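# Observations on the model geometry
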Amino acid sequence: MNRLRCMAGRFKRQVQASLGGRYVLMYHRVERLDRDPWGLAVTPDRFAEHLQVLSGYGPCMTLGEMALRHADGTLPRRAIAVTFDDGYADNLLNALPRLERAGVPATFFLAPGLLDGRTPFWWDELAAILLRPGTIPSRPALREWTDPVEFGAAATLSPEDEERHRGWRVWEPPPTPRHALYLDLWSRLRPLPHYRRQAMLAELAEQTGGVPARDIRNRPMDRDEAARLAASPMAEIGGHTLTHPTLPAQDTGCQLREIRDGRSACEEIAGRHVHSFAYPYGDHGPQTPELVRMAGFTAACVTMAGPLHRGTDSFRLPRIPMQDWSGAELARRLATGDLY
């Protein structure tokens, strides 16, 4: 029975592809990185190949246009919307010039409260602290942490292990206790409000040898750079909250403030109305979509992969996480529906 269901699912995807799937694509970064545990980066050359393939697949449009045409029933087959999350500087420096050359628009979902041009996003800072070689205290004195944290066997990461596992991804089994510790602390930090998470990161850095040298490639844009991005005719700005919290972990008032204040700050950056939203981490509770609507948005994206259908909820639009595929591989996946 499971085999038949699997075959039926594959056949359905192939039929959807032959009819022309309508897809929202989710990128984060266009950069070459030494370490990328979350698989967020597509290299610049590969991204250029992606744009060539997408231009030939079907009409490319902003998320805002796609949402409007989805709502009024005029969205064409094989429609594509390219989106970026968070606001890394490489979105401006590496992605935008290639989008402009290819004539492909994109929607950039920004968390304006984090756009200082210097401080890495917290998941990158945590990786820099923990996934560097060396020895850290096995029982750190972490005053801000309510649950005891013991590093134990994770206290040491050899240079050889660090180099050997540089290509590790979080969906793979952790290859060392240090990598397992990274996942454990990531899960503890993720639901916290921004101010508390930053305090805990600072304390963790202090207990493990100080803030590591920051890789400039991991920096976010600053406000001026975000405004330069927004000025491009190939860029639409979308909301991504103010400080990128896990919304369902916050109370209703905090959720609404994050959504509304993030939208106001994005509109200040863009100099125009902002209508599209992306839930940080894709997380949303039962009431979150309604809060997004109340804040003035007309559409919102999740991170669940899949095509758009006629009945898809405009506040739960699926997206395809993009990987560092070659152009040929992306073309194959679009042709077969093997995107998710």
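Presented here is an overview of the structure given in this document. Here the structure is a predicted model, which means the values were calculated and not measured.

## Things to note about unusual backbone geometry
- One non-glycine residue with positive phi stands out, namely Asp 86, at about 95°.
- Among the secondary structure elements, Asp 86 is positioned in strand β5 (residues 80-86).
- When its relative accessible area of 2% is taken as the criterion, Asp 86 is described as buried.
- Backbone geometry at His 244 places phi at a positive 60°, although glycine is not the residue there.
- Assignment of secondary structure puts His 244 in the loop between β9 (235-239) and α10 (252-270).

## Quick look at the pairing of strand β1 (residues 23-27)
- For β1, a buried count of five out of five residues is recorded, marking the element as mostly surrounded by other parts of the structure.
- With burial as the criterion, each face of β1 is covered, one bearing Tyr 23, Leu 25 and Tyr 27 and the other bearing Val 24 and Met 26.
- Pairing of β1 with β5, which is carried by five bridges, proceeds in the parallel orientation. From the neighbouring strand, Val 24 faces β5, where its bridge partner is Ala 81.
- Relative to strand β12 (residues 320-321), β1 runs parallel, the two sharing two bridges. Within the sheet, the bridge partner assigned to Met 26 lies in β12 and is Pro 321.

Conventions we followed
- Residues numbered from 1 in each chain as written.
- Predicted model: local features only at pLDDT ≥ 70, side-chain atom pairs only at ≥ 80, totals over all residues.
- Heavy atoms only, no water.
- Helix = DSSP H or I, 4+ residues; strand = E, 2+ residues; numbered from the N terminus.
- Buried < 20%, exposed > 50% of the residue type's maximum accessible area, 1.4 Å probe, protein only.
- Pairing = 2+ DSSP bridges.

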